[in-house]
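Residues per chain, in single letters:
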Amino acid sequence: MGRDLSSDEAAQLADEVNRTLVLPGASFELRATIEHRGALVIRSDDGAPLSAEVTNTDPAYRREGNLGVALETFEPRVVTAEALTDSEAARRAAALTNAFVEGSAAVLEASAVNAERRAGGKLPANLILTRDGGDRRPTLQPIRERFGLSWGCFVEMPVERGIALALGMEPVDAPRLVPPGFGSAAGASYAAWAELAADALGGFQALYVHIKGPDVPAHDGRFEDKRDVITTIDRAFFGELLPRFDPSRTVVAVTADHSTSCVKRAHTAAPVPLLIAGEPIDPDGSSAFGERACADGSLGLLRGVEIMPRLVALLG
């Protein structure tokens, strides 16, 4: 396992797979996005429907309905995709998924990109795992209609960006954050995001900012790097952002969308800390932002769906 594949390497590998692999009775497009991530679209040549009701080949995520559930423990072996419904569309989709995973692995194994990685002492990127397939765009209530606020978004990762756009948030152009998430170059990226975010607050009533940084080293068990990423975000992003807006007219909420354990090197179901600050809020005496400090805070234990109504109520 490893998460050191560059976006340029991933783009080259995706191009090789697109040019080389042929699926029986179907076409496909593999598009690299950021680092080791990508998106795959498979289409039947005869126009027959393909169903998203198939299991994941990624062993770290179990398919439950339309959601992928992260597993705390799993065998690090590729899983065969299986149909979740008794339909030809699902069976055909599962077969094509398996053909793609097996066929693309052969292409990647022979790639010059991976030969160069091996020569440099790095693990080859020789397997593509699929998860959480879809066959239609979800119909979601626009966030402005639900909560009565106009939203802008700074979103680093493709999945979160897709969610934000599906909810009707307006993307704000921002430079890519510099990996690996800490150091002077990363600090400059976070500071640039802070400056842009402060400026964007003038054009929106609410702003969603998603930063991926701490998740990556946690998956590799690099706890010191995770600490350094969090420290960099605290200093360079929040240290630059907070002095740039009026706290009497702004409510700030800081939390995480999931927990990633350095010990288990995987997502877990552990509660994540939540901090809310601003003029309408009476401080509860918490002296730090972290799991232990927040466990004793005045907010108590909340479900994720309870947070936005609380924030909107505070905004009046």
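See the structure printed just above.
In this text, all values refer to a predicted model and were calculated from it rather than measured experimentally.

Draft legend 1. How the structure looks around the overall build of the protein chain. Scanning the protein chain from terminus to terminus reveals 10 helices and 11 strands. For 316 residues, the compact-globule formula gives about 20 Å, and the C-alpha radius of gyration of the protein chain, at 22 Å, lands near that figure. With the principal axes as the frame, the protein chain shows a C-alpha extent of 60 × 45 × 35 Å. Buried positions account for 37% of the 316 residues belonging to the protein chain.

Draft legend 2. Structural detail: the pairing of strand S5 (residues 151–155). Most of S5 is tucked away, with 5 of its 5 residues classed as buried. Where burial is concerned, the two faces of S5 agree: the one with Trp151, Cys153 and Val155 and the one with Gly152 and Phe154 are both buried. Relative to strand S7 (residues 206–210), S5 is paired through 5 bridges, and the arrangement is parallel. Bridge pairing in S7 links Cys153 to Tyr208. Note that the unit made of S5, helix H5 (residues 158–166) and strand S6 (residues 170–171) has a crossover that is right-handed.

Draft legend 3. Summary view of the pattern of salt bridges. If you walk through the whole model with that rule in mind, you get 20 salt bridges. Glu29 is the partner of Arg31 in a salt bridge, and the nearest nitrogen-oxygen pair spans 2.8 Å. Of the residues examined, Arg31 reaches a relative accessible area of 51% and is grouped as exposed. A salt bridge links Asp215 to Lys212; the shortest N-O distance between them is 3.2 Å. Its relative accessible area of 14% is what places Lys212 among the buried residues. A network of salt bridges, in which partner residues are shared, links Asp4, Glu9 and Arg117.

Draft legend 4. The packing of helix H1 (residues 7–20) against helix H3 (residues 112–119), seen in detail. The N-to-C vectors of H1 and H3 enclose an angle of 140 degrees; their axes lie 9 Å apart at closest approach. The pairing of H1 with H3 is recorded here as oblique in orientation. Packed against H1, whose contacting residues are Glu9, Gln12, Leu13 and Glu16, the element H3 presents Ala112, Val113, Asn114 and Arg117 at the interface. Considering only residue class, the contact of H1 with H3 consists of 3 nonpolar, 2 polar and 3 charged.

Draft legend 5. Seen up close, the sheet that holds S5. Taking strand neighbours across the sheet as the criterion, the 3 strands line up as S6-S5-S7 in an open arrangement whose pairing is parallel. Edge positions in the sheet fall to S6 and S7, since each of these pairs with one other strand and no more. On top of the sheet, helix H6 (residues 184–200) reaches S5 and S7; it is set at about 175 degrees to S5, its chief contact.

Draft legend 6. The pairing of strand S3 (residues 61–64), seen in detail. Residues of S3 alternate between two faces, with Tyr61 and Arg63 buried on one and Arg62 and Glu64 left unburied on the opposite face. Alignment of S3 against strand S4 (residues 67–70), held across 4 bridges, turns out to be antiparallel. Bridging across to S4, Tyr61 finds its partner in Ala70.

Draft legend 7. Inspection of a nonpolar patch on the surface at higher detail. On the surface, a nonpolar cluster with roughly 230 Å² of combined accessible area is contributed by Val78, Leu127 and Leu129. Its place among the elements puts Leu127 in the loop between H3 and helix H4 (143–147).

Draft legend 8. Here's a closer look at H6. Taking 1.5 Å per residue, 17 residues should reach 24 Å; H6 reaches 24 Å between its end C-alpha atoms and fits that length. Every buried residue of H6 is listed here: Ala186, Gly187, Ser189, Tyr190, Trp193, Ala194, Ala197, Ala198 and Ala200. The inward-facing, buried residues of H6 abut S5, S7 and helix H8 (223–241).

Draft legend 9. Region of interest: the side chain of His219. Looking at the element boundaries, His219 is found in helix H7 (residues 215–219). Leaving out residues up to four positions away in the same chain, His219 has contacts with Arg3, Thr260, Arg265, Ala266 and His267.

About the cut-offs
- Residues numbered from 1 in each chain as written.
- Predicted model: local features only at pLDDT ≥ 70, side-chain atom pairs only at ≥ 80, totals over all residues.
- Heavy atoms only, no water.
- Helix = DSSP H or I, 4+ residues; strand = E, 2+ residues; numbered from the N terminus.
- Rg over C-alpha atoms; globule rule 2.2 N^0.38 Å.
- Buried < 20%, exposed > 50% of the residue type's maximum accessible area, 1.4 Å probe, protein only.
- Pairing = 2+ DSSP bridges.
- Right-handed = clockwise from strand over helix to strand, strands pointing away.
- Salt bridge = Lys/Arg side-chain N within 4 Å of Asp/Glu carboxyl O.
- Axes fitted to C-alpha atoms, helices over the stretch in contact; angles between N-to-C directions.
- Parallel < 35°, antiparallel > 145°, perpendicular 65-115°, else oblique.
- Contact = heavy atoms within 4.5 Å.
- Nonpolar A, V, L, I, M, F, W, Y, C, P; charged D, E, K, R; others polar.
- Patch = residues over 30% accessible without salt bridge, like charges linked within 9 Å, V, L, I, M, F, W, Y side chains within 5 Å.
- Areas by Shrake-Rupley, 256 points an atom, 1.4 Å probe, with all protein chains shown as cover.
- Expected span 1.5 Å × (residues − 1).

Take it as geometry only, folks, not as evidence of what the structure does.
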